[in-house]
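Breakdown of the fold
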Amino acid sequence: MNVGDRVRLLTGREEGIVTRLLDNELVEVAIDNDFTIPVLRREVVVVAAEETKTFGLSASAAAAEKKAASSGASRAAKAAGVAQPAPAKKTEGPEAPAAPKAAPVQKGLYLALTHQSPELLSLHIINHTDRDVLFTYGEETAGQYRALYADKLKAKSVSAALGHWHLKDFDKWPAPVMQLLPHLLNDTTAYELLTKRVQFKANSFYTSRQANVPVLQREAYLFQLDEKPAAPVAVAPEKLAETLQQQLSGNAPAKPAAVAPAPEPAKALVAPPHEVDLHLEALDAEAAKAEPPLSNTAILKLQLEAFEDTLSRALATNMHEIIYIHGSGNGTLRKELHKLLSRNKDIKFFEDSQKEKFGYGATLVRLK
């Protein structure tokens with residue numbers, strides 16, 4: 001049983017989508033996309049793909065999916081602060097002119113995210129071109145890449161679900177990385193490999209929603225992967241098959257313009273000091289003397305960046321505790337630190353440190 005599976009409750013007729021695996025015995029299920037409930041694994045059964053293919057979605061399931069797309073999009077946009085259009089008011093007299101239709105989606109390769117429930121999205125690659133496309137899909141998390149899927153997409157087709165992501169985990173989503181190679185049998189043009197990495201940002205993500213996406217034929221968040229089309233490879237027709245075979249096998253000689261820079265060697269992870277002074281003078285002496293002086297907002301930004309960097313290194317190097325010296329002042333920095341610490345699941349507890357020495361100007365953080 002995996003996230004995204006459609007399941008049926010054994011104790012009734014209700015169907016839903018698995019949105020999270022809570023533990024070895026418990027899953028979270030969105031029932032008809034109206035509400036989510038924790039259910040024991042032994043109390044649900046996966047609806048086989050063959051059943052859906054043969055009989056189609058039940059009326060309630062189809063209505064639920066349609067409702068998921070609209071309610072999920074509105075919830076997400078509201079959470080991101082994106083304004084939603086007000087419902088049109090009926091007016092007496094002649095009909096108001098129809099709203100202009102959205103511009104049709106141009107041909108190309110796209111990454112699409114569709115609602116399976118109001119908060120669960122599935123990822124797909126759409127080939128809205130006249131050529132077949134060989135592709136690989138992977139994810140990059142904290143600078144580490146992992147290849148997950150490889151397949152061939154025919155012209156005007158959509159891939160199977162490549163992953164399922166929860167909107168509640170938006171800030172933790174990995175960056176999807178796709179490599180795409182268009183090709184067509186008996187064509188006289190070969191193309192270079194396209195590599196695209198997508199980094200999602202709240203404002204641009206929630207405004208990327210498109211209705212009735214081509215090929216997919218439903219609403220989705222849409223991101224074009226080939227804004228810069230793949231460059232044709234100059235090659236004699238008699239050598240085309242050989243060149244294409246070399247590209248697919250990875251043995252083609254690299255062109256200087258297409259050679260990616262060699263990755264920098266990984267830097268050794270250094271544990272931070274046991275006591276970290278977050279005063280501006282200690283973090284950046286030159287910035288502290290700058291004229292005109294930095295604004296309070298800019299200073300706070302530097303201090304929070306230093307805090308996040310040292311905390312992440314402390315966790316990565318298995319430190320047991322760390323002390324942050326933030327000063328008393330007006331308490332703004334202290335409140336921000338305590339707010340961030342209270343949300344971090346890797347923190348055992350935190351408290352004011354060495355009051356006889358710092359008063360309320362330092363915080364001791366005990367790490368798990």
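Parameters and conventions
Residues numbered from 1 in each chain as written. Predicted model: local features only at pLDDT ≥ 70, side-chain atom pairs only at ≥ 80, totals over all residues. Heavy atoms only, no water. Salt bridge = Lys/Arg side-chain N within 4 Å of Asp/Glu carboxyl O. Helix = DSSP H or I, 4+ residues; strand = E, 2+ residues; numbered from the N terminus. Pairing = 2+ DSSP bridges. Axes fitted to C-alpha atoms, helices over the stretch in contact; angles between N-to-C directions. Phe/Tyr/Trp six-rings, centres within 6.5 Å; stacked < 30°, edge-to-face > 60°. Buried < 20%, exposed > 50% of the residue type's maximum accessible area, 1.4 Å probe, protein only. Expected span 1.5 Å × (residues − 1). Arc of directions from axis to C-beta. Patch = residues over 30% accessible without salt bridge, like charges linked within 9 Å, V, L, I, M, F, W, Y side chains within 5 Å. Areas by Shrake-Rupley, 256 points an atom, 1.4 Å probe, with all protein chains shown as cover. Lys, Arg positive; Asp, Glu negative; His and termini not counted. Charge placed at Lys NZ, Arg CZ, Asp CG, Glu CD.

Where an unreviewed UniProt entry is consulted, the protein appears under the name DUF2027 domain-containing protein, with the organism given as Hymenobacter aquaticus.

This brings us to the pattern of salt bridges. Tallied over the full model, the rule gives 10 salt bridges. Here Glu219 and Arg209 are joined by a salt bridge, their closest N and O atoms 3.5 Å apart. Of this pair, Glu219 sits in the loop between β15 (209-210) and β16 (220-224) while Arg209 sits in strand β15; the two residues are 10 residues apart in sequence, bridging distant segments of the chain. Between Arg313 and Asp309 there is a salt bridge, and its shortest N-O distance comes to 3.1 Å. Of this pair, Arg313 and Asp309 both sit in helix α7 (residues 296-316), separated by 4 residues, roughly a single helical turn.

Let us look at the sheet that holds strand β12 (residues 175-183). Strand order in the open sheet formed by 4 strands is β9-β8-β12-β14, with antiparallel pairing between adjacent strands. Looking along the sheet, the strands with just one partner apiece sit at the ends: β9 (144-153) and β14 (194-197). Across the sheet, the axes of successive neighbouring strands diverge by a mean angle of 20 degrees, strand direction being ignored. As judged from the 9 bridges shared by strand β8 (residues 132-141) and β12, these two strands associate in the antiparallel manner. Along β12, the bridge assignment pairs Tyr137 with Met178.

Right, let's get into the packing of aromatic side chains. Scanning the entire structure with this criterion turns up 12 aromatic pairs. Here Trp173 and Phe205 contribute two aromatic rings whose centre-to-centre distance is 5.5 Å and whose plane-to-plane angle is 80 degrees, an arrangement assigned as edge-to-face. Linking Trp173 in the loop between β11 (163-166) and β12 with Phe205 in helix α3 (residues 202-206), this pair joins segments that are 32 residues apart in sequence. Overall, the relative accessible area of 10% leaves Trp173 in the buried class. Its relative accessible area of 0% is what places Phe205 among the buried residues. Here the aromatic residues Trp165, Phe170, Trp173, Phe200, Phe205, Tyr221 and Phe223 are joined through ring pairs into a cluster of three or more.

Once that is clear, we can look at helix α8 (residues 332-343). Its 12 residues place the ends of α8 17 Å apart at the C-alpha level, agreeing with the 16 Å of an ideal helix rising 1.5 Å per residue. Within α8, the full set of buried residues consists of Leu333, Leu337, His338 and Leu341. Down the axis of α8, the buried set is contained in an arc of 130 degrees. They therefore lie on one face. α8 presents Lys335, Ser342 and Arg343 as exposed residues on the side facing more than 90 degrees away from its buried surface.

Moving on: a positive patch on the surface. Where like charges cluster on the molecular surface, the positive patch consists of Lys172, Lys345, Lys348 and Lys368. Secondary-structure assignment places Lys368 in the segment after β21 (362-367). Overall, the relative accessible area of 65% leaves Lys368 in the exposed class.

Turning next to unusual backbone geometry. Residue Pro292 is bonded to the preceding Glu291 through a cis peptide linkage, with omega at -5 degrees. Considering the arrangement of structural elements, one finds Pro292 in the loop between α6 (285-288) and α7. Notably, Val215 is not glycine yet its phi reads approximately 70 degrees, a positive angle. Its location among the elements puts Val215 in the loop between β15 and β16. You will see that Asn318, though not glycine, has its phi angle at about 60 degrees, which is positive. Take Asn318: its relative accessible area is 63%, and that puts it in the exposed class.

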